[in-house]
Amino acid sequence: MEIRTYIRFVVAWRMIIILGIISLVYACSCPDEKISHLSVIAPSRHTLLAVTPSLSLQLTGDTLNKSYPQLRTGEAFPITGILRVDGILYRFMGGDSLRISPLAPLSEDTVGWTGKYSFLFPGKGWEQRRYDDSWWSEGKGAFGPVKGYYPAHTLWGAENIYVRRHVKVDNKDALRNHKIYVRYVCDDWLKLFCNGKYLLESRYTYKTKCQRLTDETISQIIDGDNNILAAYCRNTGGPALLDFGLYIENKTYAEAKPATLKKMDVQATQTQFIFQCGEVELQVDFVSPSLSEKWELTGWPVGFLTYQIRTESGKEHAVEVLFDVDMEWMFGKRKIDGWVDKDWRFVKSDSLYLAMEADETTFSCMDGHAILSQKLYVGNEEDKDSGVLLVGYEEGRVLQYDGEVLFPLWNSDGTREVKELMKSVGNRYKELKAECDVLDNRWNTKAFQAGDKVFAGRMLPAYRNFVSSHRFMLFSDNKLFCLGDTLGNVREAYKSFPVLLFFHRTDWMRGLLDPIFEYCEDIHWSKKYPPYDIGLYPVASKQVKLENCAVEAAANMLMMTTAVVEAEREFSYADMHWEQLEVWADYLQKKMKKETYPIIGLLNGNDERVKCVLGLAAYRKLIQLKGNL
């Protein structure tokens, strides 16, 4: 068993060393000039645009013009991209239009609606279409505090409420080939039914939610006014609220043809698509400038997509590019602000900012949608054949760390604004894209020289995935903290190290470790091993994970520190935390002597015995490096 443990240790440790060598050798050997892509990377899923953890767009396969990009939560980011060529529409981004029209509108979309309600349990079958609700009270929806922030019309002061809403459908056939949605807002706990068919359960939501009805549920809708939306809602404390309605998709862009995808290429900092739209070719590049190697751009909550049209025929074409974002779908709000600031046309709703160059662009707002469009021309060298859409997002919460408020790196003094960053990016987007082209070609070459297409397909998108899931905060003494949703998660940091080591981002590697070191070296932490994590964003307070995972955490911290020292060829980082490293190594040594482990089959990488050996081996390596560096 000891031999097996040793073998696994040697294999694992060699992988760390090999990754370090790869990173150092290719960082020095690859020139900065542009190199042709060696192969096209098209992963099954990747981060399309890394803006912030709250707004990072992800894409499955090559579905840019087949479905909407998704946020990390799995929710759709409802953006539609249309290219109009000589009057013909081509959809290059998004799925069917999310524009919706009411069949039975919410209270905020009308003057209220009539429903039957009961505060007492009405008996079995109350949600069914054939149930007799003639004895129920009649009231005007929505239900809740009539003087609250939401347009409620009937006071609901009891714990429970049962509501039946009759929905009239004049022509069931008109629903064919259309998506139907139920929209709702509730406080606190909701169960919703349509014609007796269970739809959903939901906890408190302060903004309007939307869920699509299944084809089976739609098939049960009948002509006439005897379709029933039934809701049970329970109030567990405080003010209560209930509103719900039925909506049908509008299909605003139903006549748009899906553009033909000719090429998709995923690199470390950007994704490129080339579409054929009739006689015009459209190239769209999604660029995340926060992935550049410039320190001042780290963590900038701004991304952009560039678009360029061209034709081989040389014929002139009148072209318009249009972006439609459903703000109400995202935020449950219809308020959209638009303004022009110098050379840029801005649109804002809630925390989301969009911007395009003001020249030849228009902005319109309809039914909660923000629509930005720009005229382009192809075939005439003097006319504009390209442009850019800027995307910015402002997270409203600040990080609390040990009683101290930490600001993002991009806003270290708390005075900068997202729209100013967007203008800065917009004014030099061509320069930033050119820099990302150079970086992508360098990293692409490194990836293919280090491995095959499978290796490159995993490594290149992983870089962007890391940035999309981490916040870059500034701590005292200008220390950079890299923090995910679970703050200071040792296991997730350990998983990220091979990617960061490959890209030689030792600054981000230290940024993952520094919050843990700071936490453990504080007087409030007295244990002989590091915590698994230090809290949940936005408050660093106490460990979220119930299990300590002490051996794993101590071993991982020792191995990651060793990786930083070897990558930088400088011992100062370990020297700064040497007392803490000694404590963890001593803990692992005592654990090895104290515990008697059963001999059960082959060991895996997460076995405590393996972790102890790897952690102690890393510590011995540090001792060697201490005398040699």
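This is a predicted model, so every value here is computed, not measured. (Residues numbered from 1 in each chain as written. Predicted model: local features only at pLDDT ≥ 70, side-chain atom pairs only at ≥ 80, totals over all residues. Heavy atoms only, no water.)

(A) Region of interest: the packing of aromatic side chains. Scanning all chains against the criterion turns up 37 aromatic pairs. Consider the rings of Trp113 and Phe143, whose centres lie 5.9 Å apart with planes at 70°: the pair is edge-to-face. Placement of the pair is Trp113 in strand E6 (residues 113–118) and Phe143 in the loop between strand E7 (137–141) and strand E8 (160–169), with a sequence separation of 30 residues. Like Trp113, the residue Phe143 is buried in the burial classification. Cluster of aromatic residues (ring-pair linked, three or more members): Trp443, Phe455, Tyr463, Phe466, Phe472, Phe502, Phe503 and Trp508. (Phe/Tyr/Trp six-rings, centres within 6.5 Å; stacked < 30°, edge-to-face > 60°. Helix = DSSP H or I, 4+ residues; strand = E, 2+ residues; numbered from the N terminus. Buried < 20%, exposed > 50% of the residue type's maximum accessible area, 1.4 Å probe, protein only.)

(B) Up close: empty space enclosed by the protein. Taken as a whole, this structure holds two cavities of 30 Å³ or more when the rule is applied. Of the pockets and cavities examined, the second largest cavity occupies roughly 40 Å³. Together, Leu57, Pro69, Phe77, Ile79, Met93, Phe286, Leu305 and Val391 line the second largest cavity. Of the residues belonging to the lining of the second largest cavity, the class tally is eight nonpolar, no polar and no charged. (1 Å grid on protein atoms, 1.4 Å probe; cavity = no way out; pocket = protein on both sides within 12 Å on 5 of 7 lines; lining within 4 Å. Points joined across faces, edges and corners; volume = space filled by probe spheres on them. Nonpolar A, V, L, I, M, F, W, Y, C, P; charged D, E, K, R; others polar.)

(C) The nonpolar core, seen in detail. Among the nonpolar cores identified, the biggest contains 125 residues, and Leu55, Leu83, Phe92, Phe323 and Leu352 are the most heavily contacted of them. Among the elements that make up this core, the one with the highest residue count is helix H9 (residues 550–568) (13 residues). Not counting residues up to four positions away in its chain, the partners in contact with Phe323 are Ile79, Thr80, Gly81, Phe92, Met93, Leu305, Tyr307, Met356, Ala370, Ile371, Leu372 and Leu389. Ranked by size, the runner-up nonpolar core spans 30 residues in total, among them Phe143, Val182, Leu190 and Leu199. (Core = buried A, V, L, I, M, F, W, Y, C linked by side-chain atoms within 4.5 Å. Contact = heavy atoms within 4.5 Å.)

(D) Representation of the confidence of the model for the chain within the structure. Mean pLDDT over the chain stands at 87; residues scoring 70 or higher make up 91%. This stretch, residues 1–38, has a pLDDT under 50; its non-local contacts, to residues over four places away or in other chains, come to 61 contacts. (pLDDT = per-residue confidence, 0-100.)

(E) Geometry of the side chain of His369. Checked against the element boundaries, His369 lands in strand E25 (residues 369–378). A polar contact is formed between the side chain of His369 and the side chain of Asp324, at a distance of 2.7 Å. Among the polar contacts made by the side chain of His369, one reaches the side chain of Asp326 at a distance of 3.1 Å. (Polar contact = N/O pair within 3.5 Å; in protein donor to acceptor, adjacent residues only side chain to side chain.)

(F) Representation of the state of the cysteines in the model. For the structure on display, the rule yields zero disulfides. With no disulfide partner, Cys210 has as its closest neighbouring cysteine sulfur the one in Cys194, 14 Å distant. By relative accessible area, Cys210 is classed as partly exposed at 25%. Its sulfur unpaired, Cys520 is 14 Å from the next cysteine sulfur, which belongs to Cys549. Of the residues examined, Cys520 reaches a relative accessible area of 5% and is grouped as buried. (Disulfide = S-S within 2.5 Å.)

(G) Up close: the side chain of Asp440. With respect to the helices and strands, Asp440 occurs in helix H5 (residues 429–450). For the buried Asp440, no salt bridge is present, and the opposite-charge side chain at shortest range is Arg464, 6.4 Å distant. (Lys, Arg positive; Asp, Glu negative; His and termini not counted. Salt bridge = Lys/Arg side-chain N within 4 Å of Asp/Glu carboxyl O.)

(H) View of the layout of surface pockets. By volume, the largest pocket is sized at about 1200 Å³. Leu71, Glu75, Lys207, Lys209 and Met330 are, among the 46 residues lining the largest pocket, the residues nearest its centre. Listing elements by their share of the lining of the largest pocket, those giving two or more residues are strand E5 (100–104), strand E9 (180–187), strand E12 (205–212) and helix H3 (327–331). Split into classes, the residues belonging to the lining of the largest pocket amount to 17 nonpolar, 11 polar and 18 charged.

(I) A nonpolar patch on the surface, seen in detail. Taken together, Tyr149, Tyr204 and Tyr206 make up a surface patch of nonpolar side chains, about 430 Å² in accessible area. Mapped onto the secondary structure, Tyr149 falls in the loop between E7 and E8. You can call Tyr149 exposed: its relative accessible area is 63%. (Patch = residues over 30% accessible without salt bridge, like charges linked within 9 Å, V, L, I, M, F, W, Y side chains within 5 Å. Areas by Shrake-Rupley, 256 points an atom, 1.4 Å probe, with all protein chains shown as cover.)

(J) Examining the pairing of E25 more closely. Across the 10 residues that make up E25, a large majority, eight, are buried. Judged from the 10 bridges that link them, strand E20 (residues 317–326) and E25 form a sheet pairing that is antiparallel. Its bridge partner lying in E25, Val319 is registered against Leu376. Counted along the chain from strand E24 (residues 361–366) to the antiparallel partner E25, the turn is two residues long, and its residue Asp367 has a positive phi close to 55°. (Pairing = 2+ DSSP bridges.)

(K) Up close: H5. With 22 residues, H5 should reach 32 Å at 1.5 Å per residue; the first-to-last C-alpha distance of 31 Å fits that figure. Burial analysis of H5 places 16 of its 22 residues in the buried class, the great majority of the element. (Expected span 1.5 Å × (residues − 1).)

(L) Region of interest: the pattern of salt bridges. Here the structure, examined in full by the defined rule, presents 31 salt bridges. The shortest N-O distance in the salt bridge between Asp437 and Lys433 comes to 3.3 Å. With a gap of four residues between them, Asp437 and Lys433 both fall in helix H5, about one helical turn apart. Across the pair, exposure class does not vary: Asp437 and Lys433 are buried alike. In this structure, Lys495 and Glu492 form a salt bridge, with 3.7 Å as the shortest nitrogen-oxygen distance. Of this pair, Lys495 and Glu492 both sit in helix H7 (residues 490–502), three residues apart, which is roughly one turn of that helix. Glu492 sits in the partly exposed class, given a relative accessible area of 38%. What you see here is one network of salt bridges that share partners, running through Arg72, Glu395, Arg471 and Asp485.

(M) Focus on the packing of H9 against helix H11 (residues 578–594). At their nearest, the axes of H9 and H11 sit 10 Å apart, and the two run at 135° to each other. With respect to H11, the element H9 is oriented oblique. Of the two possible hands of crossing, H9 and H11 adopt the one that is left-handed. Across from Ala550, Val551, Ala554, Ala555, Met557, Leu558 and Thr561 in H9, the residues of H11 making contact are Leu581, Trp584, Ala585, Tyr587, Leu588 and Lys591. Taken together, the residues of the contact of H9 with H11 break down into 11 nonpolar, one polar and one charged. (Axes fitted to C-alpha atoms, helices over the stretch in contact; angles between N-to-C directions. Parallel < 35°, antiparallel > 145°, perpendicular 65-115°, else oblique. Left-handed = near helix turned anticlockwise from the far one by under 90°.)

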